[in-house]
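Each chain is listed here by its residues.
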Amino acid sequence: MDKILIRGGRQLSGRIAISGAKNAALPLMAASLLTDAPLVLTNMPRLADINTMSDLLIGHGVKVQLEGGKGGIGRRVTLQAAATSDPLAPYDVVRKMRASILVLGPLLARGGDAVVSLPGGCAIGTRPIDLHLKAMEALGARIELKNGYVHAKAQAGGLEGGVIRFPFVTVGGTENALMAACLANGVTRIENAAMEPEITDLATCLIAMGAKIGGVGSSTLEITGVNTLTGAEHSVLPDRIETGSYIAAAAITGGSATLVNTSLDILGAVTDRFEAAGVTLLQDGNCLQVESVAERPAPVQIKTAPFPAFATDMQAQFMALMAVATGTSSISETVFENRFMHVPELMRMGANIQVNGGVAIVEGKPALIGAPVMATDLRASMSLVIAALAAHGETEINRVYHLDRGYEHLEDKLQTLGADIERVAA
């Protein structure tokens, strides 16, 4: 198993490209199940989760053609589900990634039948799929849970439009409901829908495929079902979490960076918190200029919540930055109940953090110290990388397969910015 070695203390500077968003690409790939025509997705990142979704879709009869070599950024993927030959999403594939549940809505809408294993993925919380299932039931589907699998079946005439009211915001649930509703009979109304940029990206692609969707970008979506969808070509939006992660990496070293192919528009409240910490962010065309205005960041308070509030997927990275702030920061996690697993590892590097329930109090220190640490989930992994960039000495990060799920060419990009980083076999 590989590990990453980082010798900290170098001020980052340079220009790198931001990849397409993993969290947008996965539902877009699942949307290929809604049509027998080719769906072409460009600006696709090269990530382990993309490979997992490809394997899952191939099992459903989708032909997947990848263009772009191993080192290429912004790959082109053509997916064609001429026929959905198998409604089964097996445990061996689904256990690797929670986003596998996103095939449920498309399979049910197009073929009337889906058998999907209960999903796996990062252990950052319970994240039940009951809201996905209730959304399908609101469209007339019959749902049974048997032997670790969801068995879903539409009525003889297909799914029927209805009202789906989510009791709290669910990104995956919104995506599943949105895709299923596109082929349902009549009108579907989704209330308290997630408003993340990835939802808008999916809706934009579905509209290009012939779907009729109103309220895009708002908390209420109205979908008028159509009989069939066509193919389309769509460019995956930039990864806002990767963008924020590299902002934090530049900021913790007191450096600067030019991030190409990204935008402040997709960051929400993350922009404000970086600026409060003393980071200057300037948009110049499709480039985002990042400048640290002080040697150490100012302390800030954050509270995670659904978009446009501060993203839970940026909490761990921001905590690493606050570990070297000039004062005390407060970080409240309201989305996932078990998302402070990176705290003990940051403390191994000298961070001063106290956790009380869903709140972490971070007392900034002038410096962190390199140490052997272990990644516990995708975003926690990146927080350790960020901390290591500013730490004195060498940091050894183990279980880096988590990073491969969500950060394309991580070592190459950080080396381009001047970091002393390498991947070695354990």
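What counts and how
- Residues numbered from 1 in each chain as written.
- Predicted model: local features only at pLDDT ≥ 70, side-chain atom pairs only at ≥ 80, totals over all residues.
- Heavy atoms only, no water.
- Axes fitted to C-alpha atoms, helices over the stretch in contact; angles between N-to-C directions.
- Helix = DSSP H or I, 4+ residues; strand = E, 2+ residues; numbered from the N terminus.
- Parallel < 35°, antiparallel > 145°, perpendicular 65-115°, else oblique.
- Left-handed = near helix turned anticlockwise from the far one by under 90°.
- Contact = heavy atoms within 4.5 Å.
- Nonpolar A, V, L, I, M, F, W, Y, C, P; charged D, E, K, R; others polar.
- Phe/Tyr/Trp six-rings, centres within 6.5 Å; stacked < 30°, edge-to-face > 60°.
- Buried < 20%, exposed > 50% of the residue type's maximum accessible area, 1.4 Å probe, protein only.
- 1 Å grid on protein atoms, 1.4 Å probe; cavity = no way out; pocket = protein on both sides within 12 Å on 5 of 7 lines; lining within 4 Å.
- Points joined across faces, edges and corners; volume = space filled by probe spheres on them.
- Salt bridge = Lys/Arg side-chain N within 4 Å of Asp/Glu carboxyl O.
- Pairing = 2+ DSSP bridges.

Novice: Residue-level account of the packing of helix H10 (residues 315-322) against helix H12 (residues 378-390), with values.
Specialist: Between H10 and H12, the shortest axis-to-axis distance is 7 Å and the interhelical angle comes to 20°. It follows that H10 is roughly parallel to H12 by the angle criterion. The hand of the H10/H12 crossing is right-handed. Contact residues: H10 offers Ala316, Gln317 and Ala320, while H12 offers Arg379, Ala380, Met382, Ser383, Ile386 and Ala387. Considering only residue class, the contact of H10 with H12 consists of six nonpolar, two polar and one charged.

Novice: Describe the packing of aromatic side chains, naming the residues involved and giving the relevant values.
Specialist: Where two aromatic rings form a pair, the distance of their centres and the angle of their planes describe that pair. Scanning all chains against the criterion turns up two aromatic pairs. Measuring from ring centre to ring centre gives 5.1 Å for Phe274 and Phe318, while their planes differ by 55°; the resulting arrangement is tilted. Of this pair, Phe274 sits in helix H9 (residues 269-276) while Phe318 sits in helix H10, and the two are 44 residues apart along the sequence. What makes Phe274 buried here is its relative accessible area of 0%. With relative accessibility at 0%, the residue Phe318 sits in the buried group. Where Phe310 meets Phe318, the ring centres are 5.4 Å apart and the plane angle is 80°; that geometry is what we call edge-to-face. Linked through ring pairs, Phe274, Phe310 and Phe318 together constitute an aromatic cluster.

Novice: Kindly report on empty space enclosed by the protein, identifying the contributing residues and their values.
Specialist: With the rule as written, the count across this model stands at two cavities of 30 Å³ or more. For the largest cavity, the calculated volume is near 50 Å³. Lining of the largest cavity is provided by Ala251, Ala277, Gly278, Val279, Ser292, Val293, Ala294, Arg296 and Pro297. Of the residues in the lining of the largest cavity, the class split is six nonpolar, two polar and one charged.

Novice: Mind laying out the pattern of salt bridges, listing which residues take part and the relevant values?
Specialist: Between side chains of opposite charge, a pair can form when the charged atoms approach closely. Throughout the structure, instances matching the rule amount to 22 salt bridges. The partner of Asp272 in a salt bridge is Arg273, and the shortest N-O contact between them spans 2.8 Å. Assessed through its relative accessible area of 41%, Asp272 is described here as partly exposed. Salt-bridge contacts for Arg423 lead to Asp404; the nearest nitrogen and oxygen are separated by 2.7 Å.

Novice: A description of the layout of surface pockets should follow, citing residues and the corresponding values.
Specialist: Using a probe with the size of a water molecule, rolled over the atoms, empty space left in the structure can be pinpointed. Counted as a void, the second largest pocket has a volume near 290 Å³. Taken together, 15 residues make up the lining of the second largest pocket; nearest its centre are Ile252, Thr253, Glu295, Pro366 and Ala390. Taken together, the residues of the lining of the second largest pocket break down into seven nonpolar, five polar and three charged.

Novice: Go over the sheet that holds strand E6 (residues 88-89), please, and point to the residues and values.
Specialist: Pairing is mixed in the open sheet, where four strands are placed in the order E6-E7-E9-E8. Of all the strands in the sheet, the pair left with one neighbour each is E6 and strand E8 (142-146). Pairing between E8 and strand E9 (residues 149-153): five bridges, direction antiparallel. From the neighbouring strand, Leu145 faces E9, where its bridge partner is Val150.

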